[in-house]
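So the chains spell out like this:
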Amino acid sequence: MKTSILFKLVLLILLCIPSLAYNKNYNRNPYVKVFINDLEKNHGFDKKELHKLFSKVKFQESSLKYYLKPKRKDFEIKNKKHGSWDRYEKKLLDDRRVNLGADFMKRNKKHLEKAYRIFGVQPEYITAIIGVESYYGEFTGNYPVFDALTTLAFEENRRNKFFKSELKAFLKLAKKNKQNPKSIYGSFAGAIGLAQFMPSNFKKLAIDFNNDGVIDLYNEVDAIGSIANYFKKSGWNRKVPVATRVSYQGKRFNRLKTGFKYKYKRSRLKGIKPKKGKFYYPRKVHLVKLNRYKHDELWYGTSNFYAITLYNRSNYYAMAVHQLALKIKKEYRKIRV
């Protein structure tokens, strides 16, 4: 009996160790001390409250692991096997995402039309961003943002400087909105809300679109206005197309560099032309390659395609948003009343 009780006590202690190991007092970190002093001196924070915050941080190992790896290349480049776009498309352009997008547009018709009038961003593209980023609010992230950003800011990784800046922006935002920093959840990298904005983007781009005095990107209306504002400031032009598929000779395209980093005059792209009808865009185009199992799709991308990549620096991401937007618009027309 005594042995059994002792065994149970030892087992209980061992089970508790992992949870204790993930709680860390960052006040002992000299860089955190400098960080806290700056917030107190230059931004009006209470030093005692900050010490309390940093005294028990849940160490976010999975967040850190991502930034300990070498910088990931774009999806289509890092996947050596053919079919990377087929796999990406299956993940992000599923029927449920399209149908929920149409429902979102119907539910927010008034606010999306207002955003279009003010910012010139079509409703289906705003909706598609929310669909890709958070599945219309179903998956906004379950990471404690303060803990994730603290881990990434003060544990050695390739983006320490960036995350220190984001942590500062996050704490200033929470202070302004009178929120407990510990109560806010988001992505493993600290992105927040339906639009998955990083904290530094709030001040520059997030807006109070429902005029209730608070910028809340978990609110559909504020998310709509903020995304539209983001696109407008990224150079979006309502009169410009986004992309069109083009033809070329062969099944695999390797003749020229592709992606948002490169632009070409169409007059120099011999043997490459739009597959369907006229494509009115006089400026240089990006060549966007989508790797399928049996062939490469090739597309022209415009300045609006580039604007989408400023939201996420991936050719596949931008193309997924574009194609999801078109599918949502088509489905919305079926249910519109």
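Just above sits the structure.
Let us look at the structure shown here. (Residues numbered from 1 in each chain as written. Predicted model: local features only at pLDDT ≥ 70, side-chain atom pairs only at ≥ 80, totals over all residues. Heavy atoms only, no water.)

A short note on the nonpolar core
Then step 1. Of all hydrophobic cores here, the largest spans 85 residues; its most connected members are Phe54, Leu167, Leu171, Phe197, Ile308 and Tyr311.
Then step 2. Once you skip the residues sitting within four places of it in the chain, Leu167 turns out to touch Phe35, Phe54, Phe146, Leu149, Thr150, Ala153 and Phe154.
Then step 3. Listed in part, the 13 residues of the second largest apolar core include Val246, Tyr281, Val285 and Leu298. (Core = buried A, V, L, I, M, F, W, Y, C linked by side-chain atoms within 4.5 Å. Buried < 20%, exposed > 50% of the residue type's maximum accessible area, 1.4 Å probe, protein only. Contact = heavy atoms within 4.5 Å.)

Quick word on the packing of aromatic side chains
Then step 1. Going through the model one piece at a time under the given rule, you end up with 28 aromatic pairs.
Then step 2. Consider the rings of Tyr88 and Tyr316, whose centres lie 5.4 Å apart with planes at 65°: the pair is edge-to-face. Here the residue Tyr88 occupies a position in helix 6 (residues 84–92), and Tyr316 occupies one in helix 15 (residues 315–335), the gap between them amounting to 228 residues.
Then step 3. Classification of Tyr88 as buried rests on a relative accessible area of 12%.
Then step 4. Taking the centre distance of 6.2 Å and the plane angle of 50° together, the rings of Phe231 and Tyr311 count as tilted. Of this pair, Phe231 sits in helix 13 (residues 220–233) while Tyr311 sits in the loop between helix 14 (303–309) and helix 15, and the two are 80 residues apart along the sequence. Grouping residues by exposure puts Phe231 and Tyr311 together as buried. (Phe/Tyr/Trp six-rings, centres within 6.5 Å; stacked < 30°, edge-to-face > 60°. Helix = DSSP H or I, 4+ residues; strand = E, 2+ residues; numbered from the N terminus.)

Side note on the pattern of salt bridges
Then step 1. Counted according to the given criterion, the structure contains 15 salt bridges.
Then step 2. One salt bridge connects Lys65 with Glu61, and the closest N-O pair in it is separated by 3.8 Å. One end of the pair is Lys65 and the other is Glu61, both in helix 4 (residues 61–68) and four residues apart, which spans about a single turn.
Then step 3. Residues Glu331 and Lys334 are paired through a salt bridge, measuring 3.6 Å at the closest nitrogen-oxygen approach. Remark: Lys334 and Glu331 occur in helix 15; sequence separation between them is three residues, near one turn of the helix.
Then step 4. In the salt-bridge network here, residues are joined through shared partners; they are Asp86, Glu89, Arg245, Arg292 and Glu297. (Salt bridge = Lys/Arg side-chain N within 4 Å of Asp/Glu carboxyl O.)

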